[in-house]
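Below are the chains, spelled out letter by letter.
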Amino acid sequence: MSTTIPSGAAAHPVEKAGAGAATFVDQRLGSNKFLSKNLSKVFPEHWSFMLGEIALYSFIVVLLTGTYLTLFYKPSMAEVLYEGSYVPLQGVYLSEAYASTLNISFDIRGGLLIRQMHHWSALIFVAAVAVHMFRVFFTGAFRKPREFNWLVGVGLVTLALAAGFTGYSLPDDLLSGTGLQIIRGILQAIPLVGTWLAFFVFGGEYPGTEIISRLYSAHILLVPGLILALVTVHLIMVWTQKHTQFPGPGRTNNNVVGYPLLPIYMAKAGGFFFIVFGIIALLSGLVNINPVWIFGPYTPDQVTAGTQPDWYIGWLDGALRLMPNWESVIAGYTISWNILIPAVIIPGILFTLLAAYPFLEAWATGDKREHHLLDRPRNAPVRTGIGVMAIVFYGILWLAGGNDLVATAFNLSINAISRTLQISLIVLPPLAFLITKRTCLSLQRRDREKLLHGYESGRVLRLPHGEFIEAHQPLNEKELAVIGSKPDYPVLPAPDKADIDGVRNPRYRVEMLRHKLSSFFYRDNVARPTAAEIEAGQHHAEELAAVEAPLHEYEDADVIYNAHGGVLHHPGMPVTNAEQAAEEESRT
């Protein structure tokens, strides 16, 4: 296939050159057929789909700014005499890593702006990935055939945390050094291998001389390479499996309604990239973040007061602060449960459950169908409740990570705050689950009423025979498609303990567990009305609208004058009191 110019048309030199280049490439790679097929691929449109784009574009900013910083940063813990522009530290022996960070901030042209853009874009990247996964979870976009893409997302979240922590520790200031001290304590709390593992990571006694260079290698090579690989796999799977879409008119499980990749989607995506880039640059120029020169160089015998990690690590710090001081001596080994449980066991369980959730839900509900149409969160009350419960759990731990700052700001007892948060961590997440589930069911009932009776207009009519009714109006096509998309799934039947011959069912316990989980997910449900009921309900709403139509015609004929109390007048009636008095006199 070659690119030609229509006969009789005068081709612009640029078009002619482009056509020639396209023909040259196509004759060797057969690219035109591939591009014509894929550049017209349709993508749906919804504001929440931009969350993934924000993550991608902020990661691009991270790569660009990080490349610039590597030209000037020195990943060495060797001590040098600082002679830079920051006067309070002049003449002080610092590590080369910390000194080069100060030089980037004060002596390299544009260095501080690039440093802050790197930090802000990293924070936005982690936040966008997390919120994007919330959208995927609450709408059920992880279901078949996208389970592997969900695993890729979990991997990206984990790598984003690793990238953030490794970069956070590179300046070798007192704040980041305190974080490394905490990591060393977590490693040492692991039974049997903890001490060896800490020596292995730090290259000997803490802090040693190797940890910065090791973190640097992981931060600029290993972790970004893995993130790039997973992002590529993620995009390939999205392209192959086609993008999910929200319910709407003409949208089914077998099609995609949206805009083609070229030119509409690419134009929007390109513009949105520059918006994200501009916001990051503006934020970095106006809001200072991580002023390492204030904290000073790291020394192992010092800890900064009010140390706070970046927000995405705050929940782990909060878990450490809330855990009671439990220790046990087993077979001569001291087990520090106060570190092992919050920093190793709980994160391990949470991330394992996060990765396994699509498979657990599919197994518990028996749902083996492909899903390309997204759920409304209200139509999956248990799943939505679990998600809100997890967010509340995270929020309490995150707040606990700043319990000392809260105590100082509000002049409260830090012990009272910690005790309150410990109780809240047990009580509030289940309570949030119950409230969320009941709220979703209430919204389902409201949707059912809309399908059966139409919208409540808030207008009360009195019929000729004296009856008062509330006028309803029928739903439009979009509302009917969105609300009517609710699926109803049956609860899996309870298994029999034995068959008709009395032979015991060997899988009875497993099948009974599956039945109970299915009941947990689908027992509480407001069934969607049948098609006939929906049609009858909308027809009834149309009849009420027809009854109300003459009133609208009467009201449309009214003319409202802003005079003398805003009295409603009809055409031809007197407007002022003087006109009304003159009309009455003429009658007499």
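These numbers were taken from a predicted model, which means no experiment stands behind them.

Caption draft 1: Seen up close, the packing of aromatic side chains. One pass over the structure, following the stated rule, counts 28 aromatic pairs. Residues Phe43 and Tyr265 carry aromatic rings whose centres are separated by 5.0 Å and whose planes lie at 20° to one another, so their mutual orientation is stacked. With a gap of 222 residues between them, Phe43 in strand β1 (residues 42-43) and Tyr265 in helix α10 (residues 261-286) connect regions that are remote in the sequence. Here the aromatic residues Phe134, Phe137, Phe138, Phe142, Trp150 and Tyr357 are joined through ring pairs into a cluster of three or more. One cation-aromatic arrangement involves Lys41 over Trp239; the distance from NZ or CZ to the ring centre is 5.6 Å. The ring of Tyr259 carries the charged tip of Lys268 above its face, separated from the ring centre by 4.6 Å.

Caption draft 2: Region of the structure containing the domain arrangement of the protein. According to the domain assignment, the protein contains domain 1 (1-38) and domain 2 (44-246 + 256-322). Summarising the inter-unit geometry, the C-alpha centres of domain 1 and domain 2 are found 43 Å apart.

Caption draft 3: Examining unusual backbone geometry more closely. Cis geometry is adopted by the peptide bond preceding Pro145, which originates at Lys144 and carries an omega value of 10°. The residue Pro145 is located in the loop between α5 (111-138) and α6 (147-168) in this model. In this structure, the amide linkage connecting Leu262 to the following residue, Pro263, adopts the cis form with an omega of 5°. Residue placement: Pro263 occurs in helix α10. Of note in this structure, Lys242 is not a glycine but carries a positive phi near 70°. Positionally, Lys242 belongs in the loop between α9 (211-241) and β4 (259-260). Positive phi is not limited to glycine here, since Asn411 has a value of about 55°. Relative to the elements of secondary structure, Asn411 occurs in the loop between α15 (403-410) and α16 (414-453). Looking at Asn411, the relative accessible area reads 72%, which means it is exposed.

Caption draft 4: Main features of the layout of surface pockets. In this structure, the largest pocket spans a volume of roughly 1,200 Å³. Taken together, 34 residues form the lining of the largest pocket, with Phe134, Leu350, Leu354, Ala390 and Ile391 sitting closest to its centre. Listing elements by their share of the lining of the largest pocket, those giving two or more residues are α5, α6, α12 (311-322), α13 (337-365), α14 (381-400) and α18 (508-522). Its residues assigned to classes, the lining of the largest pocket shows 32 nonpolar, one polar and one charged.

Caption draft 5: A look at the pairing of strand β6 (residues 333-336). Note that strand β5 (residues 327-330) and β6 share four bridges and pair antiparallel. When the sheet's bridge partners are listed, Ile330 is paired in β6 with Tyr333. Linking β5 to β6, which pair antiparallel, is a turn of two residues; within it Ala331 sits at a positive phi near 55°.

What counts and what doesn't
- Residues numbered from 1 in each chain as written.
- Predicted model: local features only at pLDDT ≥ 70, side-chain atom pairs only at ≥ 80, totals over all residues.
- Heavy atoms only, no water.
- Phe/Tyr/Trp six-rings, centres within 6.5 Å; stacked < 30°, edge-to-face > 60°.
- Helix = DSSP H or I, 4+ residues; strand = E, 2+ residues; numbered from the N terminus.
- Lys NZ or Arg CZ within 6 Å of the ring centre and 35° of its normal.
- Domains from an automatic or database assignment.
- Buried < 20%, exposed > 50% of the residue type's maximum accessible area, 1.4 Å probe, protein only.
- 1 Å grid on protein atoms, 1.4 Å probe; cavity = no way out; pocket = protein on both sides within 12 Å on 5 of 7 lines; lining within 4 Å.
- Points joined across faces, edges and corners; volume = space filled by probe spheres on them.
- Nonpolar A, V, L, I, M, F, W, Y, C, P; charged D, E, K, R; others polar.
- Pairing = 2+ DSSP bridges.

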